[in-house]
Amino acid sequence: MNTNQPDSAVDPGVGLSVDGAVATVLLDRPDVRNAQHPAMWAAIAGFLESLPDEVRVVVVRGAGGTFSAGLDLSLVDPGQTEVEGSLVATLARSDQEVVDLIGEYQRPFVALADPRFISIAVVDGYAIGAGFQLALACDLRIMAEDAWVCMKEPALGLVPDLAGTKPLVEAVGYSRALEICATARKVGAEEAGRIGLAQSVVPRAQLDSTLADLVASLVAHDATAVRRTHELLAAASGRSLDEQRLAERTAQVGRLRAVLGR
């Protein structure tokens with residue numbers, strides 16, 4: 001099932017589809033290495049926020065052999081302030097208005113963490129800046145063995161602002177996350193797998209089969225049990241041990257009643 005794109009003067013450049021339990025977000029601007037812009041984020045956010053309950057897995061990938069080169073550079077070009085979503089033009093607003101606008105841009109990155117489904121980024125080529133943060137927004141990452149990621153923002157005098165800092169720290173720890181961001185260096189797939197950024201690193205030709213096997217495994221078990229487990233794990237870092245133990249017990253009561261019919 002293909003979804004309707006929202007009205008916009010700019011082509012969102014993203015394919016959005018649902019096939020049974022699996023939804024797919026395809027960044028589809030291969031001519032600019034799937035560079036991202038606000039119309040794309042709005043389309044993805046609207047799609048994710050309206051997914052039917054039957055969807056259990058969301059796959060995010062890029063067309064043309066690249067995940068995403070990051071932010072569309074026309075948005076930060078002082079000579080292109082008429083471009084829809086121009087960040088240069090946006091700075092004519094108050095600081096609070098800009099903060100609120102960036103919050104709107106963060107919507108799809110936050111939506112990918114919804115425990116109703118498990119999100120998977122399939123990283124081919126490279127994921128830079130906003131592209132890296134989109135991959136980080138997903139629960140799981142599969143990388144081609146020749147792929148790499150990079151948090152480029154500090155090298156441009158900026159900070160990562162698309163909800164990517166928290167999942168990066170949670171994946172690799174504070175010190176490694178700081179080093180990756182402050183140096184803005186490339187992190188190759190082998191290292192990404194070793195430090196916990198990627199759950200699978202495979203030859204490019206095996207990306208599709210690896211994804212298919214993972215999706216099959218993720219949908220093989222009771223949907224509610226997986227979702228409740230997802231919720232428990234996602235919230236664990238923000239809870240004390242006693243709070244997490246209580247959350248486990250509370251969730252288990254509902255599961256026991258459903259399984260045992262009591």
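One numbering rule holds for all chains: residues counted from 1, following each sequence as written. Per-residue local features are limited, in this predicted model, to residues with pLDDT of at least 70; the limit for side-chain atom pairs, both in listing and counting, is 80 or more; totals at the level of whole chains, interfaces and linings are taken over all residues. As a rule here, side-chain values cover all heavy atoms of the structure and leave hydrogens and water aside.

Student: Just to check I follow, could you spell out the pairing of strand β4 (residues 118-123) for this structure?
Tutor: Taken residue by residue, a regular strand's side chains alternate between the two faces of the sheet. Throughout, exposure labels follow a simple rule: accessible area from a 1.4 Å probe, protein chains only, divided by the maximum for the residue type, with under 20% read as buried, over 50% as exposed, and the rest as partly exposed. Numbering goes from the N terminus for both helices and strands, where a helix is a DSSP run of H or I of at least four residues and a strand is a run of E of at least two. Burial of β4 is extensive: six of the six residues sit out of reach of the surface. The alternating pattern of β4 places Ile 118, Ile 120 and Val 122 on one face and Ser 119, Ala 121 and Val 123 on the opposite face, and all of these are buried. When strand β3 (residues 57-62) meets β4, the two strands line up parallel, connected through five bridges. Its bridge partner being in β4, Arg 61 is matched across the sheet by Val 122. Strand direction decides the pairing type here: β4 and strand β6 (residues 140-144), joined by four bridges, are parallel. At least two DSSP bridges between two strands are required for those strands to pair.

Student: Mind showing me how you'd approach helix α5 (residues 130-137) here?
Tutor: An α-helical turn contains 3.6 residues, so a residue and the one three or four places further along point in the same direction. Among the eight residues of α5, eight are classified as buried, and the element is accordingly described as predominantly covered. Along α5, the positions that sit buried rather than exposed are Ala 130, Gly 131, Phe 132, Gln 133, Leu 134, Ala 135, Leu 136 and Ala 137.

Student: Even after reading the chapter, I still don't get the pattern of salt bridges, so can you show me in this structure?
Tutor: By definition, a salt bridge exists where a carboxyl oxygen of Asp or Glu is found within 4 Å of a side-chain nitrogen of Lys or Arg. Per the counting criterion, the structure on display carries 16 salt bridges. The partner of Arg 29 in a salt bridge is Asp 72, with the nearest N and O atoms 3.0 Å apart. One end of the pair, Arg 29, is in the loop between β2 (22-27) and α1 (38-49); the other, Asp 72, is in the loop between β3 and α2 (87-90), with 43 residues separating them in the sequence. Neither residue differs from the other here; Arg 29 and Asp 72 are each classed as buried. The network of salt bridges with common partners includes Arg 176, Glu 179, Arg 185 and Glu 191.

Student: Whenever I open this one, the nonpolar core confuses me. Can you help?
Tutor: It is characteristic of soluble globular proteins that their nonpolar side chains tend to be buried jointly. Residues Val 25, Leu 48, Leu 51, Val 58, Ile 120, Leu 168 and Leu 197 are the most contacted members of the largest nonpolar core, which totals 62 residues. In contact with Val 58, not counting residues within four places along its chain, are Ala 23, Val 25, Leu 48, Leu 51, Leu 112, Phe 117, Ile 118, Ser 119 and Ile 120. Put simply, a nonpolar core is a bunch of buried Ala, Val, Leu, Ile, Met, Phe, Trp, Tyr and Cys residues held in one set by side-chain atoms that sit within 4.5 Å of each other. Only heavy atoms matter for contacts: two residues are in contact if any of them lie within 4.5 Å across the pair.

Student: Where do I start with a nonpolar patch on the surface in this structure?
Tutor: Grouping into patches uses exposed residues only, defined as over 30% relative accessible area, and leaves out salt-bridged ones; the cut-off is 9 Å for like charges and 5 Å for nonpolar side chains (Val, Leu, Ile, Met, Phe, Trp, Tyr). To be clear on the numbers: accessible area is Shrake-Rupley with a 1.4 Å probe, and residue cover counts the displayed protein chains and nothing else. Together, Val 169, Tyr 174 and Leu 178 give the surface a local cluster of nonpolar side chains, amounting to about 300 Å² of exposed area. Looking at where Val 169 falls in the secondary structure, it is placed in helix α6 (residues 165-172).

Student: What should I look at first to understand the environment of Arg 228 in this one?
Tutor: By secondary structure assignment, the location of Arg 228 is in helix α10 (residues 223-235). According to the relative accessible area criterion, Arg 228 is partly exposed, its value standing at 35%.

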